[in-house]
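This is what each chain is made of:
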Amino acid sequence: MKLKIAIQKQGKLAEGSTALLKKCGIGFSNGQGKLRAEAEDFPLELFFLRDDDIPDYVADGVADLGIVGENILAEDPKPVDVVEKLGFGRCRLSIAVPKSFKYSDTADLNGLRIATSYPRILSEFLAARTVSAEIHEISGSVEIAPSIGLADAVCDLVSSGSTLFSNGLREIETVLRSEAVLIARRDLSAEQNKLLEQFLFRIRSVLAAERNKYILLNAPEDKVAEIASLLPGIKSPTVMPLAEPGWVSLHSVISEHDFWEVVENLKAAGAEGILVLSIDQMIK
Ligand code: ATP
Ligand code: MG
């Protein structure tokens, strides 16, 4: 018994998807142009596909699982379960106009021709704001549409914004935020569900580890209580004596989110020799 997972063959989610599997201890070798592979250390078979096709393959039961951007599902919903957000492939679907366009609010979009590969999401966004614009559906290179006279504005996926910028466009509205998600077929057998749980356990350990850092620091003994109160670790920090009398070493885990603020406070409280390490897995 095995689970079949569909991931993007090539493109913006391909690297993140294989990296996640590798961090879960699931290795495989996919030679150039190969469309399927057998995982080495987990009962998993991999299919390498175009991202747009992944929800269909999962809904049809050709694959049991898939990794795909939320944007794809929002544009073309399929009967699959979203099991976990994966924290990579973050992007937003945004409306952009030529830099010279004077924009103040969505009413300014009335009557414009907007080029997009996401007609459904865009038309819902416009309808909710009672904007009537002409949607031109194109399947790729959306960002060049205004410069070739095909449209007045675009609605496209953005991450850094550099592609828009180099095409003379300016982002004015965020329509949707998206990241990669793990999707699953709705009618998995009990046995397959058990495998999915094992797979999810690994994924969640990797994601938790990515959100946290391991921190070690030295402190005078009389500052331990104050410093410990600044470290919201899993439990209380580990305290170990240093060879130098009156000094200890503290170890703990902190969230990457409040990392910089905590480090500032730790230094102010007398911590020295602060070391911060990344964590491979965090088992809860
Ligand atoms: P395919 O050949 O598989 O159909 P594609 O060209 O449609 O690939 P990519 O550009 O590789 O797709 O993007 C795949 C997914 O990566 C998007 O659907 C989106 O979820 C995510 N993504 C993250 N950042 C960006 C970005 N800056 N631009 C486009 N997509 C992004
Ligand atoms: Mg695609």
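Since we're looking at a predicted model, the values are computed, not measured. (Residues numbered from 1 in each chain as written. Chains lettered and ligands numbered in written order. Predicted model: local features only at pLDDT ≥ 70, side-chain atom pairs only at ≥ 80, totals over all residues. Heavy atoms only, no water.)

A. Focus on the overall build of the protein. A tally of regular secondary structure across the protein gives eight helices and 15 strands. Over its C-alpha trace the protein gives a radius of gyration of 24 Å, far above what one expects of a compact globule, namely 19 Å for 284 residues. Reported as C-alpha extents along the three principal axes, the dimensions of the protein are approximately 75 × 55 × 35 Å. Out of the 284 residues in the protein, the part that is buried amounts to 44%. Long-range contacts, defined as pairs at least 24 residues apart, comprise 68% of the intrachain contacts of the protein with a sequence gap of at least 6. Accessible surface for the protein amounts to roughly 15,000 Å². Of this, 50% is attributable to carbon and sulfur atoms. Across the protein, 31 positive and 41 negative side-chain charges occur, with their mean positions spaced 2 Å apart. (Helix = DSSP H or I, 4+ residues; strand = E, 2+ residues; numbered from the N terminus. Rg over C-alpha atoms; globule rule 2.2 N^0.38 Å. Buried < 20%, exposed > 50% of the residue type's maximum accessible area, 1.4 Å probe, protein only. Contact = heavy atoms within 4.5 Å. Areas by Shrake-Rupley, 256 points an atom, 1.4 Å probe, with all protein chains shown as cover. Lys, Arg positive; Asp, Glu negative; His and termini not counted. Charge placed at Lys NZ, Arg CZ, Asp CG, Glu CD.)

B. Broad picture of the site of ligand 1. The environment of ligand 1 is made up of 17 residues, and the closest members are Lys12, Asp51, Asp52, Asn71 and Ser159. Contacts to ligand 1 include Gln8, whose side-chain N or O atom sits 2.8 Å from an oxygen atom. In this structure, an oxygen atom belonging to ligand 1 sits 2.6 Å away from a side-chain N or O atom of Asn71. When the free accessible area of ligand 1 is taken as 620 Å², the share hidden by the protein chains comes to 78%. For the shell around ligand 1, the class distribution of residues is five nonpolar, seven polar and five charged. (Near = heavy atom within 4 Å. Polar contact = N/O pair within 3.5 Å; in protein donor to acceptor, adjacent residues only side chain to side chain. Nonpolar A, V, L, I, M, F, W, Y, C, P; charged D, E, K, R; others polar.)

C. Looking closely at the coordination of the magnesium ion (ligand 2). Coordination of the magnesium ion (ligand 2) by the protein involves Asp51 (OD) and Asp52 (OD), with metal-donor separations of 2.0 to 2.2 Å. Judged by its relative accessible area of 19%, Asp51 falls in the buried class. The class for Asp52 is partly exposed, based on a relative accessible area of 41%. (Donors = N, O, S within 2.8 Å, 3.2 Å for Na, K, Ca; no water.)

D. Here's a closer look at the sheet that holds strand S10 (residues 169-178). With mixed pairing, the five strands of this open sheet are ordered in space as S8-S7-S9-S6-S10. Since the sheet does not close on itself, it has two edges, and those belong to strand S8 (134-137) and S10, each with one partner. The mean inter-strand angle of the sheet, taken between neighbouring strand axes irrespective of direction, is 25°. In this sheet, S10 lies alongside strand S6 (residues 91-98) in antiparallel orientation, the contact comprising eight bridges. The partner of Arg92 across the bridge, within S10, is Arg177. (Pairing = 2+ DSSP bridges. Axes fitted to C-alpha atoms, helices over the stretch in contact; angles between N-to-C directions.)

E. Here's a closer look at the pattern of salt bridges. This model, assessed by the stated rule, comprises 17 salt bridges. In this structure, Glu84 and Arg204 form a salt bridge, with 2.6 Å as the shortest nitrogen-oxygen distance. Linking Glu84 in strand S5 (residues 81-85) with Arg204 in helix H6 (residues 190-210), this pair joins segments that are 120 residues apart in sequence. Taking the relative accessible area as the measure of exposure, Arg204 reaches 38% and is therefore partly exposed. For the salt bridge of Glu179 with Arg90, the shortest nitrogen-to-oxygen distance reads 3.8 Å. Taken together, the residues span a long stretch of sequence, with Glu179 in the loop between S10 and strand S11 (180-184) and Arg90 in the loop between S5 and S6 at a distance of 89 residues. Note on Arg90: relative accessible area 55%, which makes it exposed. (Salt bridge = Lys/Arg side-chain N within 4 Å of Asp/Glu carboxyl O.)

F. Layout of the pairing of strand S13 (residues 238-241). Where S13 lies against strand S14 (residues 247-255), four bridges are found, and the strand directions are antiparallel. Considered in S14, the bridge of Pro241 is made with Val248. The antiparallel hairpin formed by S13 and S14 contains five residues in its connecting segment, where Gly246 sits at a positive phi of about 85°.

G. Main features of the domain arrangement of the protein. Entries for the protein in the domain assignment read domain 1 (3-89 + 179-209), domain 2 (91-178) and domain 3 (212-277). Computed over C-alpha atoms only, the centres of domain 1 and domain 3 are separated by 38 Å. (Domains from an automatic or database assignment.)

H. Structural view of the sheet that holds S14. Spatially, S13-S14-S12-S15 is the arrangement adopted by the four strands of the open sheet, whose pairing is antiparallel. The open sheet has two edge strands with one neighbour each: S13 and strand S15 (272-278). Taken over all neighbouring pairs, the strand axes of this sheet differ in orientation by 20° on average, direction set aside. Here strand S12 (residues 212-220) pairs with S15 via five bridges, running antiparallel. Note on S15: the bridge partner recorded for Tyr214 is Leu277. Contacts from helix H8 (residues 259-268) reach S12, S14 and S15 within the one sheet, and its direction differs from that of S15 by about 160°.

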